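If you want the building blocks of each chain, they are given just below.
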Amino acid sequence: MSLSSSEMELQLPPHEGVELSVVDMHTGGEPLRIVVAGYPEVRGDSVLSKRRYAREHLDHLRKVLMFEPRGHYDMYGALIVDSETPEADLGVLFMHNEGYSTMCGHAVIALGRFAVDYKLVKEPRSPETQVNIHCPCGLVKAFVEYSAGKTGAVRFLSVPAFAFATDVTVTVEGFGEVTVDISYGGAFYAFVDAERFGLDVKQSRTRVLVDAATAVTRAIKSQVKLHHPVSDDLAFLYGTILTDGRDQFSPEPTANICVFAEAQVDRSPTGSGVTARVALQYHKGLIQLNQTRTFQSGATGSQFTGKAVEETRCGDFRAVVVEVAGRAFYTGVSRFVQEPQDELTHGFLLK
Ligand SMILES: O=C(O)[C@H]1NCC[C@@H]1O
């Protein structure tokens, strides 16, 4: 007996399970699982309150889609929701191995293409189509290359980014006193030169980099209070980014690796991290407005570019608008099922 490909196409046998459909993409190697069907209504009168609602009432579905056996420890997801902002083409919630982030640049790059390809914006235009994406941190403007019916590279202008604190010394378990910078690019990150730990973001083993970055994140969470002028929901440390220390402007790429959420490793250079790092470099006078830098993922070598394009403010902070650019690709579509008899149907992670 043989099965032709058309007979096998997207057919599940009869089952009593709940189905969830997704489109999978990746940006610089970092996965993005976009939910297209199967989620119940996400209640709330703002994208930030919808994020709270999803965390309180729908978290079982995050685990189904992010965790094994359908996902994996480092899976990342996006759930499209309505936005309360009239200029927004779509709202989005981001999900990962621990919860819901406030910003995700790799996801914005993928969602920009997705929104044009799946007709979430009215009339695509050449050479670029603008897609306004309302993220929990605010409105992010994506510009998607569009030519002869095809989408390409994406650049986006993020929410105001600012250096929150520089040269903060914390006591890190296993490493003693470590001095870090903390910067905001839609989410807060700590930045440290990997050399401080005797590590190299491109050469060292990923597990060793993750342990050092995670120890820094834990230390900051317990020793530094963050705040954000717009909302307390934004005031938490999302992760630590280890760098190669090359912050002074150079046309050469600078590498970093981002460890966020629950010791999750970004395969991409991290769009919100690039935003925060550019704000930090600008704050320190290491780059000028419109000087484009290339940022490379220490994990995969994939690249984004980033530049500060305009000075602005965020509450009392002097801030900049940062433009980040990169490319995303489709990897597949899936219809997942949760069979009620399956003991592992809710998902699990190996730690
Ligand atoms: O590109 C970014 O901004 C994201 N990638 C995973 C972690 C961050 O949310």
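Here is what the cut-offs are and how they apply
Residues numbered from 1 in each chain as written. Predicted model: local features only at pLDDT ≥ 70, side-chain atom pairs only at ≥ 80, totals over all residues. Heavy atoms only, no water. Buried < 20%, exposed > 50% of the residue type's maximum accessible area, 1.4 Å probe, protein only. Helix = DSSP H or I, 4+ residues; strand = E, 2+ residues; numbered from the N terminus. Contact = heavy atoms within 4.5 Å. Pairing = 2+ DSSP bridges. Near = heavy atom within 4 Å. Polar contact = N/O pair within 3.5 Å; in protein donor to acceptor, adjacent residues only side chain to side chain. Areas by Shrake-Rupley, 256 points an atom, 1.4 Å probe, with all protein chains shown as cover. 1 Å grid on protein atoms, 1.4 Å probe; cavity = no way out; pocket = protein on both sides within 12 Å on 5 of 7 lines; lining within 4 Å. Sits in = over half its atoms within 2 Å of the grid points. Domains from an automatic or database assignment. Points joined across faces, edges and corners; volume = space filled by probe spheres on them. Nonpolar A, V, L, I, M, F, W, Y, C, P; charged D, E, K, R; others polar.

A.B. asks: Can you walk me through helix α3 (residues 59-66) in this structure?
C.D. replies: In an α-helix, one full turn covers 3.6 residues, which means residues spaced three or four apart are oriented alike. The buried fraction of α3 amounts to six of the eight residues, a majority that puts the element mostly inside the structure. Buried within α3 we find D59, L61, R62, V64, L65 and M66.

A.B. asks: Any chance you could explain the side chain of T294 here in plain terms?
C.D. replies: Here T294 is to be found in strand β15 (residues 293-297). Of the residues examined, T294 reaches a relative accessible area of 15% and is grouped as buried. Excluding its chain neighbours within four sequence positions, the residues that come into contact with T294 are E252, P253, T254, Q303, F304 and T305.

A.B. asks: What is the right way to look at the pairing of strand β7 (residues 138-147) in this model?
C.D. replies: Within a regular strand, the side chains alternate between the two sheet faces. The sheet contact formed by strand β6 (residues 128-135) and β7 spans eight bridges and is antiparallel. By the bridge assignment, C135 is partnered in β7 with G138. If you look at the hairpin formed by β6 and β7, you'll find two residues sitting between the two strands. Here β7 pairs with strand β8 (residues 150-157) via six bridges, running antiparallel. Bridge pairing links K141 to L157 in β8. Turn length for the β7-β8 hairpin, with the two strands adjacent in sequence and antiparallel, is two residues, and the turn residue A148 shows positive phi of about 50 degrees.

A.B. asks: I would appreciate a short explanation of the site of the ligand in the present structure.
C.D. replies: By nearness alone, 13 residues border the ligand, and G105, H106, D266, G271 and S272 come closest of all. Between the ligand and M103 there is a distance of 3.2 Å, counted from an oxygen atom to a backbone nitrogen or oxygen. Contact distances for the ligand include 2.7 Å between an oxygen atom and a backbone N or O atom of G105. Alone, the ligand offers 260 Å² of accessible surface; in the complex the protein occludes 100% of this. If you map the ligand onto the pockets, it falls in the largest cavity. Going through the elements one at a time, α4 (105-117) and α6 (271-283) are the ones with two or more residues in the shell around the ligand. When residues of the shell around the ligand are assigned to domains, at least three fall in each of domain 1 (16-157 + 330-337) and domain 2 (160-325).

A.B. asks: I keep staring at empty space enclosed by the protein and nothing clicks. Help me out?
C.D. replies: In this approach, a probe sized like a water molecule rolls over the atoms, and the result shows the empty space that is left. One pass over the full model with this rule turns up one cavity of 30 Å³ or more. Considering only enclosed or pocket space, the largest cavity measures out at about 80 Å³ in volume. Looking at the largest cavity, it is lined by 14 residues, and the ones nearest its centre are C104, H106, Y238, D266 and T270. For the lining of the largest cavity, the secondary-structure elements that each account for two or more residues are α4, β13 (254-260) and α6. Within the lining of the largest cavity, the residues separate by chemical class into six nonpolar, six polar and two charged. Residue assignment places the lining of the largest cavity across two domains, with domain 1 (16-157 + 330-337) and domain 2 (160-325) each supplying three or more.

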